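What follows is the residue order along each chain.
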Amino acid sequence: MEVRKKPVFSKTAYRRPVSRARSLALCALCMAVMAVCAWVTVPFGPVPFTLQTFAVAFSVLALRPKEAVAAVAGYVLLGALGLPVFSGMRGGLGMLVGPTGGFLWGFILGAVCAAGVRCALEGLAERSKAASRAVDASAVIAFMVVTYAVGWAQLMAVSGMSPAEAFMVAIAPFAVIDVVKMVVAVMVANAVRRAVG
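Residues numbered from 1 in each chain as written. Predicted model: local features only at pLDDT ≥ 70, side-chain atom pairs only at ≥ 80, totals over all residues. Heavy atoms only, no water.

## Looking at the packing of helix α3 (residues 52–62) against helix α10 (residues 175–196)
Now for step 1: Here α3 crosses α10 at 35°, and the two axes come no closer than 8 Å. At the point where α3 passes α10, the crossing takes the right-handed sense. Contact residues: α3 offers Thr-53, Phe-54, Ala-57, Phe-58, Leu-61 and Ala-62, while α10 offers Asp-178, Lys-181, Met-182, Val-184, Ala-185, Val-186, Val-188, Ala-189, Val-192 and Arg-193.
Now for step 2: Counted by class, the contact of α3 with α10 contains 12 nonpolar, one polar and three charged residues. (Axes fitted to C-alpha atoms, helices over the stretch in contact; angles between N-to-C directions. Helix = DSSP H or I, 4+ residues; strand = E, 2+ residues; numbered from the N terminus. Left-handed = near helix turned anticlockwise from the far one by under 90°. Contact = heavy atoms within 4.5 Å. Nonpolar A, V, L, I, M, F, W, Y, C, P; charged D, E, K, R; others polar.)

Okay, structure coming up:
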């Protein structure tokens, strides 16, 4: 008798009871990963290159949708309160209202959109491994588009740059490397989900 493996995502997987302590621990661990990856910074004009986007995308995929939104929002809140969890080991409200602060707001909104995509496509995700990867890819695309859009808008508003100038400064130099980071995030998140369950 053939035993069918459970899909990576399924309706029962999303709704299976999880202890609050385990959920909090996973959220806290992902917040720590976001902070550590944000500290890996390479100056690159007004918008620095960091591993922050990889860590946030990984958290969005590795955690359940509600946990992912809570972890990303909690991470931004810690930074707003002054903890040095943002790029360059900085923190404070000034980071959120500065030229690059839109990307931090974008992380939260992007996580919400990605969680929505995952929930909307959960039926598709349980069909096969390929379908599950497609759902993950759709979620990270939604995450990146929203993050870029919010970051781009705030950079224009705060710095006075034109749309084209802001695009060339904040998006064009990072687009290819961010796609690579999203692909790696999908792979790592899938491996972690299989290992953790």
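## Section: the nonpolar core
Now for step 1: Formed by 45 residues in total, the largest nonpolar core has its most connected members in Met-34, Val-56, Val-72, Tyr-75, Phe-86 and Phe-143.
Now for step 2: Only α2 (20–39), α3, α4 (65–80), α5 (93–97), α6 (101–120), α8 (129–159), α9 (163–170) and α10 provide two or more residues apiece to this core.
Now for step 3: If sequence neighbours within four positions are ignored, Val-72 has contacts with Met-34, Val-56, Val-60, Phe-107, Ile-108 and Ala-111. (Core = buried A, V, L, I, M, F, W, Y, C linked by side-chain atoms within 4.5 Å. Buried < 20%, exposed > 50% of the residue type's maximum accessible area, 1.4 Å probe, protein only.)

## Side note on the confidence of the model for the chain
Now for step 1: In the predicted model, the chain carries a mean pLDDT of 86, and the fraction of residues at 70 or more is 87%.
Now for step 2: Mean pLDDT per element in the chain: helix α1 (residues 11–15) is the minimum at 47, and α4 is the maximum at 95.
Now for step 3: Long-range and interchain partners of residues 5–14, a stretch whose pLDDT sits below 50, account for 22 contacts in this model, where long-range means more than four residues apart. (pLDDT = per-residue confidence, 0-100.)

## Here we look at the environment of Pro-84
Now for step 1: Looking at the element boundaries, Pro-84 is found in the loop between α4 and α5.
Now for step 2: For Pro-84, a relative accessible area of 38% gives the class partly exposed.
Now for step 3: Once the C-alpha coordinates of Pro-84 and Ala-35 are considered, the two residues, 49 residues apart in sequence, prove to be 8.0 Å apart.
Now for step 4: Leaving out residues up to four positions away in the same chain, Pro-84 has contacts with Trp-39, Met-89, Arg-90 and Gly-91.

## A word on the pattern of salt bridges
Charged atoms that come close allow side chains of opposite charge to pair.
Now for step 1: Applying the stated criterion across every chain yields a total of two salt bridges.
Now for step 2: For the salt bridge of Lys-181 with Asp-178, the shortest nitrogen-to-oxygen distance reads 2.9 Å. You can see Lys-181 and its partner Asp-178 sitting in helix α10, three residues apart, about one turn around the helix.
Now for step 3: Residue classification places Lys-181 among the buried positions, given a relative accessible area of 8%. (Salt bridge = Lys/Arg side-chain N within 4 Å of Asp/Glu carboxyl O.)

## A few points about the UniProt feature "transmembrane region" (unreviewed entry) in the chain
Now for step 1: Under the UniProt annotation, the feature "transmembrane region" (unreviewed entry) is placed at residues 21–41, 47–63, 75–97, 103–121, 133–155 and 167–192.
Now for step 2: Within residues 103–121, the helical portion is 95% and the strand portion 0%, while the C-alpha atoms at the span's ends are 26 Å from each other.
Now for step 3: In residues 133–155, the share of helix is 100% and the share of strand is 0%. The end C-alpha atoms are 32 Å apart. (UniProt positions renumbered as here; feature names shortened; annotations may be inferred.)

## Quick notes on the packing of α6 against α8
Now for step 1: Between α6 and α8, the least distance of the axes is 7 Å, while the angle of their chain directions is 150°. Considered as vectors, α6 and α8 are oriented roughly antiparallel to each other. Of the two elements, α6 crosses α8, and the hand of that crossing is right-handed.
Now for step 2: Of the residues in the contact of α6 with α8, the class split is 16 nonpolar, eight polar and one charged. (Parallel < 35°, antiparallel > 145°, perpendicular 65-115°, else oblique.)

## Regarding the side chain of Gln-154
Now for step 1: Within the secondary structure, Gln-154 is located in helix α8.
Now for step 2: Separated by 2.8 Å, the side chain of Gln-154 and the backbone oxygen of Gly-98 make a polar contact.
Now for step 3: In this structure, Gln-154 is in contact with Leu-96, Val-97, Gly-98, Pro-99, Gly-101, Gly-102 and Trp-105, ignoring residues within four places of it in sequence. (Polar contact = N/O pair within 3.5 Å; in protein donor to acceptor, adjacent residues only side chain to side chain.)

## A closer look at the environment of Leu-155
Now for step 1: On the secondary structure map, Leu-155 appears in helix α8.
Now for step 2: Overall, the relative accessible area of 1% leaves Leu-155 in the buried class.
Now for step 3: Not counting residues up to four positions away in its chain, the partners in contact with Leu-155 are Pro-99, Gly-160, Met-161, Ala-166, Val-169 and Ala-170.

## Quick word on α4
Now for step 1: Its 16 residues give α4 an end-to-end C-alpha distance of 23 Å, which sits within 8% of 22 Å, the value for a rise of 1.5 Å per residue.
Now for step 2: Within α4, burial applies to Pro-65, Glu-67, Ala-68, Ala-71, Val-72, Gly-74, Tyr-75, Val-76, Gly-79 and Ala-80.
Now for step 3: Just downstream of α4, Gly-82 is the residue with a positive phi angle, here 110°. (Expected span 1.5 Å × (residues − 1).)

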